[in-house]
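Architecture and fold: a report
The primary structure of each chain is shown beneath.
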Amino acid sequence: MSYLELKQVTAFYGAIQALKQIDLTVEEGEIVTLIGSNGAGKSTTLKTISGLVPVKEGSVIYKGQDITSRKAHQTTKLGVAHVPEGRRIFPKLTVKENLQIGAFGVKDKKLIEERMEKVFSYFPRVKERLHQLGGTMSGGEQQMLAIGRALMMDPDLLMLDEPSMGLAPIIVEQIFHIIKELNDDGMTILLVEQNAFQALKVAHRGYVLQTGSIWRSGKGQTLLADPTITEAYLA
Amino acid sequence: MTQVWDTLPQVLIDGLTLGAIYAIIALGYTMVYGILELINFAHGEIFMAGAFIGTAVLIGLTGLGWVAVMPAIFILLLVLVITGGLTGMLGMGIERLAYRPLRKASKLITLITAIGVSFLLQDIVRFITETQQNNYIVNTPSLFPGSLSISGLNIRYSFLVVIIVAILMMVALEFFVNRTKWGLAMRAVAQDQDTASLMSVNVNKVISVTFFVGSALGGATGVLFAIHYGTIDPYIGFILGLKAFTAAVLGGIGNIRGAMAGGMLLGLLEMFAAANLSAITAGLLSSEYKDVFAFAILILVLIFRPEGLFGRAAIEKV
Ligand SMILES: Nc1ncnc2c1ncn2[C@@H]1O[C@H](COP(=O)(O)OP(=O)(O)O)[C@@H](O)[C@H]1O
Ligand SMILES: [Mg+2]
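So, a few notes on the structure that sits alongside this text.

Conventions we followed
Residues numbered from 1 in each chain as written. Chains lettered and ligands numbered in written order. Predicted model: local features only at pLDDT ≥ 70, side-chain atom pairs only at ≥ 80, totals over all residues. Heavy atoms only, no water. Helix = DSSP H or I, 4+ residues; strand = E, 2+ residues; numbered from the N terminus. Rg over C-alpha atoms; globule rule 2.2 N^0.38 Å. Contact = heavy atoms within 4.5 Å. Lys, Arg positive; Asp, Glu negative; His and termini not counted. Charge placed at Lys NZ, Arg CZ, Asp CG, Glu CD. Buried < 20%, exposed > 50% of the residue type's maximum accessible area, 1.4 Å probe, protein only. Phe/Tyr/Trp six-rings, centres within 6.5 Å; stacked < 30°, edge-to-face > 60°. Donors = N, O, S within 2.8 Å, 3.2 Å for Na, K, Ca; no water. Expected span 1.5 Å × (residues − 1). Arc of directions from axis to C-beta. Pairing = 2+ DSSP bridges. Axes fitted to C-alpha atoms, helices over the stretch in contact; angles between N-to-C directions. Patch = residues over 30% accessible without salt bridge, like charges linked within 9 Å, V, L, I, M, F, W, Y side chains within 5 Å. Areas by Shrake-Rupley, 256 points an atom, 1.4 Å probe, with all protein chains shown as cover. Salt bridge = Lys/Arg side-chain N within 4 Å of Asp/Glu carboxyl O. Parallel < 35°, antiparallel > 145°, perpendicular 65-115°, else oblique. Nonpolar A, V, L, I, M, F, W, Y, C, P; charged D, E, K, R; others polar. Near = heavy atom within 4 Å. Polar contact = N/O pair within 3.5 Å; in protein donor to acceptor, adjacent residues only side chain to side chain. Buried area = accessible area lost by both parts, 1.4 Å probe.

This part covers the overall build of chain B. Secondary structure assignment for chain B yields twelve helices and four strands. Since a compact globule built from 318 residues should have a radius of gyration of about 20 Å, the 20 Å found for chain B is in line with a globular shape. Long-range contacts, defined here as pairs at least 24 residues apart, represent 76% of the contacts in chain B between residues at least 6 apart. Mean positive and mean negative side-chain charge positions of chain B (17 and 16 charges, respectively) differ by 11 Å.

Before going further, it helps to examine unusual backbone geometry. All names here are of chain A. At Gln8, a residue that is not glycine, the phi angle is positive and equals roughly 50 degrees. As for its placement among the helices and strands, Gln8 is situated in strand E1 (residues 4–13). For Arg87, which is not glycine, the phi dihedral falls at a positive 70 degrees. Within the secondary structure layout, Arg87 lies in the loop between strand E6 (80–83) and helix H3 (95–102). Residue Arg87 is classed as buried on the basis of its relative accessible area, which comes to 9%.

Quick look at the packing of aromatic side chains now. For the structure shown, the criterion picks out ten aromatic pairs over all chains. Consider the rings of Tyr122 of chain A and Phe123 of chain A, whose centres lie 6.5 Å apart with planes at 50 degrees: the pair is tilted. Exposure class is identical for Tyr122 of chain A and Phe123 of chain A. Each is buried. Ring plane angle 45 degrees and centroid distance 4.8 Å describe the contact between Phe225 of chain B and Tyr229 of chain B, whose orientation is recorded as tilted. Residue Phe225 of chain B and its partner Tyr229 of chain B are both found in helix H9 (residues 203–229); the two are separated by four residues, about one turn of the helix. On the basis of relative accessible area, Phe225 of chain B is assigned to the buried category, the value being 8%. Look at Tyr229 of chain B and you get partly exposed, because its relative accessible area is 34%.

What follows is about the coordination of the magnesium ion (ligand 2). Residue and element names in this part refer to chain A. Around the magnesium ion (ligand 2), the protein supplies Ser43 (OG) and Glu85 (OE) as donor atoms, at distances of 2.0 Å. With a gap of 42 residues between them, Ser43 in helix H1 (residues 42–50) and Glu85 in the loop between E6 and H3 connect regions that are remote in the sequence. The class of Ser43 is buried, set by a relative accessible area of 17%.

Before going further, it helps to examine helix H7 (residues 169–184) of chain A. Residues and elements named next belong to chain A. With 16 residues, H7 should cover 22 Å at 1.5 Å per step; its first-to-last C-alpha distance of 23 Å lies within 8% of that length. Residues of H7 that are buried include every one of Ile171, Val172, Ile175, Phe176, Ile178, Ile179, Leu182 and Asn183, and no others. Angular distribution of buried residues about the axis of H7 spans 155 degrees; they occupy a single face of the element. Away from the buried face of H7 by more than 90 degrees, exposed residues Pro169, Ile170, His177 and Asp184 are located.

Right, let's talk about the side chain of Lys42 of chain A for a bit. If you trace the backbone, Lys42 of chain A turns up in helix H1. Lys42 of chain A has contacts with Leu34, Ile35, Gly36, Ser37, Glu162, Val192, Glu193, Gln194 and Leu209 of chain A, leaving out every residue within four places of it along the chain.

The pairing of strands in a sheet comes from backbone hydrogen bonds and takes either a parallel or an antiparallel form. Residue and element names in this part refer to chain A. The strand order across the open sheet formed by six strands is E6-E7-E8-E3-E9-E10, and the pairing between neighbours is mixed. Since the sheet does not close on itself, it has two edges, and those belong to E6 and strand E10 (213–219), each with one partner. Within this sheet the neighbouring strands show an average axis-to-axis angle of 15 degrees, counted without direction. In terms of strand pairing, strand E3 (residues 31–35) meets strand E9 (residues 205–210) through four bridges, oriented parallel. Bridge pairing in E9 places Thr33 opposite Gly206. Seen against the sheet, helix H6 (residues 139–151) touches E6 and strand E7 (157–161) and runs at an angle of roughly 165 degrees to E6.

On the surface, a cluster of positive charge is contributed by Lys77, Lys107 and Lys109 of chain A together with Lys181 and Lys205 of chain B. By secondary structure assignment, the location of Lys181 of chain B is in helix H7 (residues 181–191).

Moving on, we get to the packing of helix H6 (residues 157–179) of chain B against H9 of chain B. All names here are of chain B. The geometry of H6 relative to H9 is characterised by a closest axis approach of 9 Å and an angle of 170 degrees between their N-to-C directions. As judged from the angle between their axes, H6 and H9 are roughly antiparallel. For the pair formed by H6 and H9, the contact residues are Ser158, Phe159, Val162, Val165, Ala166, Met169, Leu173 and Phe176 on the first element and Val209, Val213, Leu217, Ala220, Thr221, Leu224, Ile227 and His228 on the second. The residue inventory of the contact of H6 with H9, partitioned by class, reads 13 nonpolar, three polar and no charged.

This next bit is on the side chain of Thr48 of chain A. Locating Thr48 of chain A in the fold gives a position in helix H1. In this structure, Thr48 of chain A is in contact with Leu6, Val9, Ala11, Leu19, Val53, Pro54, Val55 and Val60 of chain A, ignoring residues within four places of it in sequence.

Quick look at the sheet that holds strand E2 (residues 16–26) of chain A now. Residues and elements named next belong to chain A. The strand order across the open sheet formed by four strands is E2-E1-E4-E5, and the pairing between neighbours is antiparallel. Bordering the open sheet on either side are E2 and strand E5 (65–66), each of which pairs with just one other strand. Pairing of E1 with E2 involves seven bridges; the strand directions are antiparallel. Of the residues in E2, the one forming a bridge with Val9 is Ile22. Taken strand by strand, H1 contacts E1, E2 and strand E4 (57–62), and its axis lies near 110 degrees from that of E1.

Turning to the site of ligand 1, a few remarks are in order. Residue and element names in this part refer to chain A. The environment of ligand 1 is made up of Tyr13, Ala18, Ser37, Asn38, Gly39, Ala40, Gly41, Lys42, Ser43, Thr44 and Glu85. The backbone of Gly39 places a nitrogen or oxygen atom 2.7 Å from an oxygen atom of ligand 1. Contacts to ligand 1 include Gly41, whose backbone N or O atom sits 2.9 Å from an oxygen atom. Protein contact buries 61% of the 560 Å² of open area that ligand 1 shows by itself. It is H1 that provides the largest number of residues to the shell around ligand 1, a total of three residues. When grouped by side-chain class, the residues that make up the shell around ligand 1 number three nonpolar, six polar and two charged.

Interfaces are frequently sized by the accessible area removed from exposure as the parts join. Taken residue by residue, the interface counts 23 residues in chain A and 20 residues in chain B. Taken together, the two surfaces of chain A and chain B that pack against each other cover about 2,100 Å², and 66% of this comes from carbon and sulfur. Applying the counting rule to chain A against chain B returns two salt bridges. For the pair chain A and chain B, the interface holds eight residue pairs in polar contact (both at pLDDT 80 or more). Those elements that place two or more of their residues in the side of chain A that touches chain B are helix H2 (72–75) and H3 of chain A. Examining the composition of the side of chain A that touches chain B, we find that four residues originate from one element, H3 of chain A, more than from any other. Class assignment of the residues belonging to the side of chain A that touches chain B gives a composition of ten nonpolar, seven polar and six charged.

Next comes the structure, spelled out in structure tokens:
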């Protein structure tokens with residue numbers, strides 16, 4: 001049994017079909033990446049898992065539990081964290097409050113403190129900015145805060161939507177380094193990227209999405225070596 | 001000029017009383033707007049319902065003999081808590097039944113629904129009142145009769161009560177919004193609902209809490225109004241609600257501190273105009289034109305600062 005499994009998932013925005021019978025699995029401890037061009041349905045796939053977009057047909061199974069029709073605030077309580085595209089930091093909350101809201105489901109104050117310290121160990125920069133408003137931080141800092149905020153719920157499955165978007169190459173390196181480190185520490189990761197080269201390098205397996213359908217899938221290295229993929233996404 | 005100077009202390013007292021009432025009602029408008037971008041026109045009627053519920057509870061407690069034997073301040077707290085609880089649930093219920101089903105409809109449709117709810121509440125209160133007595137104007141028993149007289153200045157005890165309770169309510173709200181977990185969730189939902197839900201925040205629950213808190217404060221303010229002014233009718237919520245909404249806009253709609261300041265300012269301006277308009281315009285405009293004066297100021301402010309005096313802030317949409 002897979003850790004996360006999507007079976008024949010379809011999703012619509014009004015009359016527009018965004019996903020067509022998606023089959024996808026993530027095993028415990030893996031980094032799985034989902035690549036594809038703009039509008040392919042990558043973000044929608046993550047949203048059907050977290051519950052922001054309803055699943056029309058098919059099912060989503062997480063740790064053997066059917067979570068197909070759960071609302072977002074219920075899914076996150078099961079340990080599925082979703083770091084949305086564009087980071088979506090709360091601009092008028094302080095950095096500290098952004099972290100606190102990440103642990104909204106947690107009652108134990110001491111546990112919240114502990115997790116915050118753990119976030120600081122991954123992202124020392126976040127600690128320096130604690131009392132600043134989220135909206136005043138740079139793009140890279142916001143991405144680190146967005147990941148840190150997700151770590152506050154101590155997830156088992158971390159879903160990241162284009163974490164490298166719009167960031168300078170050095171920052172992108174750092175972000176990918178952290179993703180690897182989190183995975184080494186035992187976290188299962190589903191990574192959506194347009195930066196296909198970097199993503200396939202770090203991932204165990206990958207899926208290539210094209211206009212709402214899975215076009216290719218396989219080991220990261222295999223996909224990297226596939227000339228049709230190189231041509232379409234790595235040119 | 002001497003006229004202005006001589007009336008100033010009384011203007012301050014009356015203006016602060018009225019301003020405190022505007023301020024707290026304005027909070028209800030601003031909180032709901034901050035989260036849903038909805039102008040909840042029924043909020044004035046929540047205030048009115050609070051005045052009636054409070055009066056009914058007070059009359060009931062008088063009948064039981066409690067008012068005669070217990071300290072007035074204890075009776076006041078009891079009335080405030082009961083009324084706040086009931087109007088809070090009323091506001092929450094209105095959101096659940098009337099607004100939530102329209103969440104995805106156009107703003108205009110929700111606005112018209114809110115106006116409909118206003119009329120409904122007015123008529124329900126009027127109907128119930130008329131089953132109890134033969135007209136719909138009600139006198140509230142005075143809980144804090146009498147006044148202090150300091151060098152010609154008349155300070156009613158109920159003024160002190162209104163001001164103190166109003167300030168306590170505002171401080172409590174500030175604390176709630178800025179220092180508690182649910183306040184944090186409220187601010188997050190106001191900024192980005194989808195992302196808030198990814199943080200395990202149940203957005204609908206936060207919206208319910210917002211309506212509860214705003215309506216509880218609005219209803220409690222109705223109690224203060226009834227106790228201070230002594231006479232209420234089912235239509236007091238209309239003009240007062242309109243002015244409180246104005247105060248919210250004056251302070252920058254969506255901004256909690258702005259609503260407090262806007263309310264105070266509007267109350268002071270109105271009482272200033274009531275006392276001095278005739279003297280300032282050499283008898284041309286009588287004090288009845290006080291509203292014109294207050295709204296003229298509002299329009300001036302909005303011409304130069306369309307976002308309101310305190311711009312955008314605490315609770316806001318991105
Ligand atoms: N909120 C929305 N309303 C309507 N259509 C949408 C919405 N979000 C995405 N879409 C459409 O769904 C398709 C998939 O979008 P998305 O999942 O965001 O793609 P990706 O993340 O791969 O760029 C696109 O055609 C996009 O235009
Ligand atoms: Mg996307």
